[in-house]
Amino acid sequence: MSSQDMSLWPGELAPREKLMRDGAAALSDVELLAIFLRTGLPGIHVLQRAEQLLAHFGSLYHLIAADYVQFSSQKGLGNATYAQLQAISELAFRLFSGPHLLENALLNPKMTQHYLHNLLVHHEREVFLVLFLDNQHRVIRHQEMFAGTISSVVVHPREIVREALKANAAAIILAHNHPSGKAEPSQADRLITEQVVNACRLLEIRVLDHLVVGRGECVSFAERGWL
């Protein structure tokens, strides 16, 4: 990595050194992308180049989701960079959908959120998914129960209860996506959650959480104190 390209941005710690000191989670999208790019362009610092790319594509998500023609239309981005970025995306997906996570879904709630985010974020329409758990909160299976439009999905609590009984589940986690990208739950989301909780309570099935997935964010009903 060129010391010139990754040298200090005025008044700030270089992204690589900041990562080593504070961890990857402390870095902004621009800083993470700068580390991936490694070098800028003639006369353009790598951090400035990362800012330009995010401004052009709109977000990291849209940068990674871009097809090769869109991606390579930007100066300095070719098939090697495209292949590397797609490989990183696939590695992340496999990490967060691995058996170790499914077997111990609630040992790390953030990992569960990442897993569900990766399952749902790419859908262009609303999808309602349920994780069925045993009495030790290990995942039995997950199932996409209902699919809707770009702005809504019809959920039938009775069908969720039926599938929970078939799976011999002691608890469930609900999740659905907002294709708009904003994860803030609606009043309809809160109402259907209450209906599912009430239906499950009759059969002593616990609803542990309802996660609403947006683009790059995830809202937990349990963390909000709504369950």
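Scroll up to find the structure this text is about.
Quick caveat, the model's predicted, so the values are computed rather than measured. Along each chain, numbering runs from 1 in the same order as the chain's sequence is written. Where local features are concerned, this predicted model is filtered to residues with pLDDT of at least 70; where side-chain atom pairs are given and counted, the filter is 80 or more; whole-chain, interface and lining totals use all residues. Excluding hydrogens and water, the side-chain values take into account all heavy atoms of the structure.

Novice: Describe the overall build of the protein, and please don't skip the residues or the numbers.
Specialist: Numbering goes from the N terminus for both helices and strands, where a helix is a DSSP run of H or I of at least four residues and a strand is a run of E of at least two. Tallying secondary structure elements over the protein gives eleven helices and five strands in all. Of all 227 residues assigned to the protein, the portion counted as buried reaches 41%. Contacts are assigned to residue pairs that have any heavy atoms within 4.5 Å of one another. Restricting the contact set of the protein to residue pairs at least 6 apart, pairs at least 24 apart contribute 56%. Under the scheme applied here, a residue whose accessible area is under 20% of the maximum for its type counts as buried, over 50% as exposed, and between as partly exposed, the area being computed with a 1.4 Å probe on protein chains only.

Novice: Before we move on, could you go through the side chain of histidine 117 and cite the residues and values that matter?
Specialist: Tracing the chain through its elements places histidine 117 in helix H8 (residues 109–120). Given the relative accessible area of 16%, histidine 117 is considered buried. Sequence-distant contacts of histidine 117, defined by excluding residues within four places in its chain, comprise Val213, Gly214, Arg215, Gly216 and Glu217.

Novice: How would you sum up a nonpolar patch on the surface? Please name residues and give values.
Specialist: A contiguous nonpolar patch, built from Leu165, Leu202 and Leu203 and spanning about 330 Å² of accessible area, is present on the exposed surface. In this fold, leucine 165 is placed in helix H9 (residues 157–166). Exposure above 30% relative accessible area and no salt bridge define the residues that can form patches, which grow by joining like charges within 9 Å and nonpolar side chains of Val, Leu, Ile, Met, Phe, Trp and Tyr within 5 Å. Computed with a 1.4 Å probe, the accessible areas rest on the Shrake-Rupley method; for each residue, only the protein chains presented here act as cover. Here, a salt bridge means any Lys or Arg side-chain nitrogen found within 4 Å of an Asp or Glu carboxyl oxygen.

Novice: I'd love a proper account of the packing of H9 against helix H10 (residues 187–201), names of residues and values included.
Specialist: At a minimum axis distance of 9 Å, the contact between H9 and H10 shows a crossing angle of 45 degrees. In terms of orientation, H9 lies oblique with respect to H10. For the pair H9 and H10, the crossing hand works out as right-handed. Contacts from Pro157, Ile160 and Val161 in H9 reach Ile192, Gln195, Val196, Ala199 and Cys200 in H10. All residues other than Ala, Val, Leu, Ile, Met, Phe, Trp, Tyr, Cys, Pro, Asp, Glu, Lys and Arg, Gly among them, are scored as polar; the first ten of these are nonpolar and the last four charged. Among the residues forming the contact of H9 with H10, the class breakdown is seven nonpolar, one polar and no charged. Simply put, an axis is a line fit to the C-alpha atoms, just over the touching stretch for a helix, and the angle between two N-to-C directions goes from 0 to 180 degrees. Reported orientations rely on four angle classes, namely roughly parallel under 35 degrees, roughly antiparallel over 145, roughly perpendicular from 65 to 115, and oblique for the rest. Handedness of a helix crossing follows the sense of rotation of the near helix relative to the far helix, less than a right angle counterclockwise being left-handed and clockwise being right-handed.

Novice: Run through the pattern of salt bridges, naming residues and quoting values.
Specialist: Two side chains bearing opposite charge may form a pair once their charged atoms approach each other closely. Within this structure, the stated rule accounts for eight salt bridges. Across the salt bridge formed by aspartate 22 and arginine 21, the nearest N and O atoms sit 2.8 Å from each other. According to the relative accessible area criterion, aspartate 22 is partly exposed, its value standing at 40%. Look at arginine 21 and you get exposed, because its relative accessible area is 61%. A salt bridge links glutamate 163 to lysine 166; the shortest N-O distance between them is 3.2 Å. Linking glutamate 163 with lysine 166, this pair stays in helix H9, spanning three residues, or about one helical turn. Under the relative-accessibility criterion, glutamate 163 is labelled buried at 10%.

Novice: Run through the pairing of strand E3 (residues 171–177), naming residues and quoting values.
Specialist: Among the seven residues of E3, seven are classified as buried, and the element is accordingly described as predominantly covered. Of the two faces of E3, the one carrying Ala171, Ile173, Ala175 and Asn177 and the one carrying Ile172, Leu174 and His176 are both buried. Strands pair, by our definition, only if DSSP identifies at least two bridges between them. Inspection of the sheet shows E3 paired to strand E4 (residues 206–213) by seven bridges, in the parallel sense. Considered in E4, the bridge of isoleucine 173 is made with aspartate 209. Tracing the backbone out of E3, into H10 and back to the parallel element E4 gives a crossover that is right-handed. Handedness of a crossover is defined as follows: with both strands directed away from the viewer, a clockwise route from the first strand across the helix to the second makes it right-handed.

Novice: How would you sum up the packing of aromatic side chains? Please name residues and give values.
Specialist: Within a pair of aromatic rings, the relevant descriptors are the distance that separates the centres and the angle that separates the planes. Each Phe, Tyr or Trp ring (for Trp, its six-membered ring) is paired with any other whose centre lies within 6.5 Å, and the angle between the two planes then decides the class: stacked below 30 degrees, edge-to-face above 60, tilted in between. The tally for this structure, following the rule as stated, stands at four aromatic pairs. Aromatic side chains phenylalanine 221 and tryptophan 226 sit 5.0 Å apart centroid to centroid with 90 degrees between the ring planes, which places their arrangement in the edge-to-face category. A relative accessible area of 1% means that phenylalanine 221 is categorised as buried. The exposure class assigned to tryptophan 226 is partly exposed, which follows from its relative accessible area of 28%. A network of ring pairs unites the aromatic residues Tyr68, Phe71 and Tyr82 as a single cluster.

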